[in-house]
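# Coordinate inspection notes
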Amino acid sequence: MGWVETLLRKSCERTLTKEEVLHSLFHMIEINENTLHQIQSDKRDFGPELEELKQTEIRDLDFHLKYYRSLVNYINSLQENKIFEKRY
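Residues numbered from 1 in each chain as written. Predicted model: local features only at pLDDT ≥ 70, side-chain atom pairs only at ≥ 80, totals over all residues. Heavy atoms only, no water.

It is worth spelling out the packing of aromatic side chains at this point. Considering all chains together, one arrives at two aromatic pairs under this definition. Aromatic pair Phe63 and Tyr67: ring centres 6.4 Å apart, planes at 10 degrees, arrangement stacked. Here Phe63 pairs with Tyr67, and both are found in helix 3 (residues 47–77), just four residues apart, close to one helical turn. Considering the side-chain rings of Tyr67 and Tyr68, the 5.9 Å spacing of their centres and the 55 degrees angle between planes classify their relative orientation as tilted. Classification of Tyr67 as partly exposed rests on a relative accessible area of 29%. (Phe/Tyr/Trp six-rings, centres within 6.5 Å; stacked < 30°, edge-to-face > 60°. Helix = DSSP H or I, 4+ residues; strand = E, 2+ residues; numbered from the N terminus. Buried < 20%, exposed > 50% of the residue type's maximum accessible area, 1.4 Å probe, protein only.)

For the pair helix 2 (residues 18–41) and helix 3, the least separation of the axes is 9 Å and the interaxial angle reads 160 degrees. By the criterion of interaxial angle, the relationship of helix 2 to helix 3 is roughly antiparallel. By crossing handedness, the relation of helix 2 to helix 3 is classed as left-handed. Partitioned by chemical class, the residues of the contact of helix 2 with helix 3 number 15 nonpolar, five polar and five charged. (Axes fitted to C-alpha atoms, helices over the stretch in contact; angles between N-to-C directions. Parallel < 35°, antiparallel > 145°, perpendicular 65-115°, else oblique. Left-handed = near helix turned anticlockwise from the far one by under 90°. Nonpolar A, V, L, I, M, F, W, Y, C, P; charged D, E, K, R; others polar.)

Membership of the largest hydrophobic core comes to 17 residues, with the highest contact counts inside it found for Val4, Leu8, Leu25 and Ile75. Mapped by element, the contributors of at least two residues to this core are helix 1 (2–13), helix 2 and helix 3. The dominant element in this core, judged by the number of residues it contributes, is helix 3, at eight residues. (Core = buried A, V, L, I, M, F, W, Y, C linked by side-chain atoms within 4.5 Å.)

The following block contains the structure:
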């Protein structure tokens, strides 16, 4: 995940802290969870074509939630000073 470290380093250079990056990810998780819950709890019959689109949207949201959570876990595992460490 070298690109994540690069992104974090660039974010830090622009005054974003690790906590701010995590806060942003938590916000995205919350938005995606709320949207997923709304879609899953909607029991209207939209017909087969829209039902397929609904299932695709559910799979996409589920993927994004797993992705954001894995980023949170990865970022949490980094020590703050490793983010600033230069790599050659």
